Amino acid sequence: MSVAAGPSLPRLGEPAPALEAEITHGRVGLGDFSGDWLLSFSQLADLTPVCTTKFLAVAEITPQLKEHGVESRGLSSDSVYVDEQAGLSLIASAGRLLSEPG
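All values derive from a computational prediction rather than experimental measurement.

Draft legend 1. Quick peek at the overall build of the chain. Counting secondary structure elements, the chain contains two helices and four strands. In the chain, the succession of α and β elements from N to C terminus is β-β-β-α-β-α. Per-residue burial over the chain gives 17% buried out of 102 residues. Summarising the internal contacts of the chain: among those between residues at least 6 apart in sequence, 64% fall at separations of at least 24. Counting only carbon and sulfur atoms, one obtains 59% of the accessible surface of the chain, whose full area is about 7,600 Å².

Draft legend 2. Main features of the pairing of strand S1 (residues 20–23). Pairing between S1 and strand S2 (residues 26–29): four bridges, direction antiparallel. Across the sheet, Glu22 pairs through a bridge with Arg27, a residue of S2. Hairpin geometry of S1 and S2 is characterised by an intervening segment of two residues between the two adjacent antiparallel strands.

Draft legend 3. Representation of the environment of Ala21 within the structure. Secondary-structure assignment places Ala21 in strand S1. Classification of Ala21 by relative accessible area gives partly exposed; the value is 33%. The contacts of Ala21, once residues within four sequence positions are left out, are Gly26, Arg27 and Val28.

Draft legend 4. A look at the pattern of salt bridges. One pass over the full model with this rule turns up three salt bridges. Residues Glu71 and Arg73 are paired through a salt bridge, measuring 3.5 Å at the closest nitrogen-oxygen approach. A relative accessible area of 22% places Glu71 in the partly exposed class. On the accessibility criterion, Arg73 (16% relative accessible area) is buried. Bridged by salt links that share partners, the residues Lys66, Glu71 and Arg73 form one connected network.

Here is what the cut-offs are and how they apply
Residues numbered from 1 in each chain as written. Predicted model: local features only at pLDDT ≥ 70, side-chain atom pairs only at ≥ 80, totals over all residues. Heavy atoms only, no water. Helix = DSSP H or I, 4+ residues; strand = E, 2+ residues; numbered from the N terminus. Buried < 20%, exposed > 50% of the residue type's maximum accessible area, 1.4 Å probe, protein only. Contact = heavy atoms within 4.5 Å. Areas by Shrake-Rupley, 256 points an atom, 1.4 Å probe, with all protein chains shown as cover. Pairing = 2+ DSSP bridges. Salt bridge = Lys/Arg side-chain N within 4 Å of Asp/Glu carboxyl O.

None of this, on its own, says anything about what the molecule does.
In structure tokens form, the structure reads like this:
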């Protein structure tokens, strides 16, 4: 039995798929990062222990990432409204403003 070849994930150095999404800071597409390094990370839902830990960990290393020309974006299956509320909750629990996209 043969399996038909379907779309695959891009490999390093290959163009990213044409993906766009509405985020807490407006509309963004992967094409906006053309020629740049992008660290994307995701979680199933906002305000879970894993989500909170991951976002705070990435926020902590964001200055070092930027020194190396790397942008970071977190992805969630929740709505933009829920993401905004989660961001406010993270700011309150971290006691500091998390970095915003440039």
